[in-house]
Amino acid sequence: MAAAGAPLLSIEQLTMRFGGLIAVDALSFAVAPNSITAVIGPNGAGKTTVFNCITGFYKPTSGRMLLSLDGATSAADVDALTSSGKRWRHTPAGSLFLLERMPDYEIATRARIARTFQNIRLFPGMTVLENLIVAQHNPLMRASGFTLLGLFGAKRYGDAERAAVERAKHWLERLSLIDRADDPAGDLPYGAQRRLEIARAMCTSPALLCLDEPAAGLNPRESHEIKALLKAIQSEQGIAILLIEHDMSVVMEISDHVVVLDYGQKISDGTPACVRGDPKVIAAYLGVADEEVESAEAEIAP
């Protein structure tokens, strides 16, 4: 069994190179269960590259990304999985996954990692309800026997279909969008589309929810709604959230843990209060040289 406080996700010496460019350089950090972790940094710091590695869109050049579900992080289990050459290992305590060995679809379905993107990727011509049902296509396809049972109206498929609709309706009610269920998703206001993307990810029952700039482009009222939604998801669903965000009011108010990147390297790692006062973070955001950190810190001090 894992020790108390064992991480859900451990990133160890993650490196991603594109030719001669090092986008992420030997990055290590951990995401605790039932927590909100923010990855921040100036534009081009490597934040989205880290997300793309975790979710399988990129295969990292080197490093390990270990996801542990249900506390299965004993050293013996980790060593057994690493030496076996396999992608995952199920134990009596839970399941372990080496994400760097897994394709993106397995990361989504087996490791239960869901994500949103910086640019909204809803199906605008489908209804709001249909966008949430299509997110559940994997269990629906299994229940349909990959189409045959669905064609013949098998009870198993009918039950799964009703469960998918109920789950979708639950999230629409939770987001106050149930009255727009039959409207095209593209007709929703921008802020509502952002919330719908999060609901669509939650319909996959993730253990880890990765959000790429969920507050981007939102006005102050919508930003407040997103903050409240994410805190509610954390507390009510008991899952971990990993987010990239430029809105520091969001980061500092809801995060338990903040990781700061600059030019692909980690320059700070800790609580929001610790990161806020770190001279290296201040210098990175203000774009000043190391010798000017003291004066830069004085400039933004209250």
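Residues numbered from 1 in each chain as written. Predicted model: local features only at pLDDT ≥ 70, side-chain atom pairs only at ≥ 80, totals over all residues. Heavy atoms only, no water.

*Asks:* Sorry, what's going on with the pattern of salt bridges here?
*Replies:* Pairs can form between side chains of opposite charge once their charged atoms are near each other. Taken as a whole, this structure holds 12 salt bridges when the rule is applied. Among the salt bridges present, the one from Arg-195 reaches Glu-225, with a minimum N-O distance of 3.2 Å. With Arg-195 in helix α8 (residues 190-202) and Glu-225 in helix α9 (residues 220-237), this pair connects stretches of sequence that are 30 residues apart. Here Arg-195 falls in the buried class, since its relative accessible area comes to 14%. Judged by its relative accessible area of 27%, Glu-225 is partly exposed. A salt bridge links Lys-227 to Glu-253, with the shortest nitrogen-to-oxygen separation between them at 3.0 Å. (Salt bridge = Lys/Arg side-chain N within 4 Å of Asp/Glu carboxyl O. Helix = DSSP H or I, 4+ residues; strand = E, 2+ residues; numbered from the N terminus. Buried < 20%, exposed > 50% of the residue type's maximum accessible area, 1.4 Å probe, protein only.)

*Asks:* Can you help me understand the environment of Thr-48 in this one?
*Replies:* Within the secondary structure, Thr-48 is located in helix α1 (residues 47-54). Owing to a relative accessible area of 29%, Thr-48 belongs among the partly exposed residues under this scheme. Once residues within four sequence positions are removed from consideration, Thr-48 is found in contact with Asp-212 and Ile-244. A distance of 3.4 Å separates the side chain of Thr-48 from the side chain of Asp-212, its partner in a polar contact. (Contact = heavy atoms within 4.5 Å. Polar contact = N/O pair within 3.5 Å; in protein donor to acceptor, adjacent residues only side chain to side chain.)

*Asks:* Can you help me understand α9 in this one?
*Replies:* Structurally, the α-helix is built with 3.6 residues per turn, so residues lying three or four positions apart point the same way. Compared with an ideal rise of 1.5 Å per residue, which puts 18 residues at 26 Å, α9 spans 25 Å between its outermost C-alpha atoms and is within 8% of the ideal. Residues of α9 that are buried in the fold lie against β3 (36-40), α7 (155-174), α8, β8 (208-212), β9 (240-244) and α10 (248-254). Of the residues that open α9, the one with a side-chain oxygen 3.1 Å from the backbone nitrogen of Arg-221 is Asn-219. Once α9 finishes, Gly-238 follows within two positions and takes phi at roughly 65°, a positive value. (Expected span 1.5 Å × (residues − 1).)

*Asks:* Even after reading the chapter, I still don't get the packing of α8 against α9, so can you show me in this structure?
*Replies:* Relative to each other, α8 and α9 sit at 15°, their axes nearing to 10 Å. Here α8 lies roughly parallel to α9, going by the angle between them. Helix-helix and strand crossings are classified by hand; for α8 and α9 the assignment is right-handed. For the pair α8 and α9, contact is made by Gly-191, Arg-195, Ile-198 and Met-202 and by Glu-222, Glu-225, Ile-226, Leu-229, Leu-230, Ile-233 and Gln-237, respectively. Per-class residue counts for the contact of α8 with α9 are six nonpolar, two polar and three charged. (Axes fitted to C-alpha atoms, helices over the stretch in contact; angles between N-to-C directions. Parallel < 35°, antiparallel > 145°, perpendicular 65-115°, else oblique. Left-handed = near helix turned anticlockwise from the far one by under 90°. Nonpolar A, V, L, I, M, F, W, Y, C, P; charged D, E, K, R; others polar.)

*Asks:* Is there a simple way to explain the packing of aromatic side chains in this structure?
*Replies:* Aromatic ring pairs are defined here through the distance separating the ring centres and the angle between the ring planes. Scanning all chains against the criterion turns up two aromatic pairs. Ring centres 5.6 Å apart and planes at 85° place the aromatic pair Phe-57 and Phe-117 in the edge-to-face group. Here Phe-57 is found in the loop between α1 and β4 (62-69), whereas its partner Phe-117 is found in the loop between β7 (113-115) and α4 (128-134), with 60 residues between them in sequence. Relative accessible area serves as the criterion here: at 41%, Phe-57 is assigned to the partly exposed category. For Phe-117, a relative accessible area of 17% translates into the label buried. A cation sits over an aromatic face here: Arg-115 above Phe-57, 5.1 Å from the ring centre. Lying across the ring of Phe-117, Arg-121 places its NZ or CZ 3.9 Å from the centre. (Phe/Tyr/Trp six-rings, centres within 6.5 Å; stacked < 30°, edge-to-face > 60°. Lys NZ or Arg CZ within 6 Å of the ring centre and 35° of its normal.)

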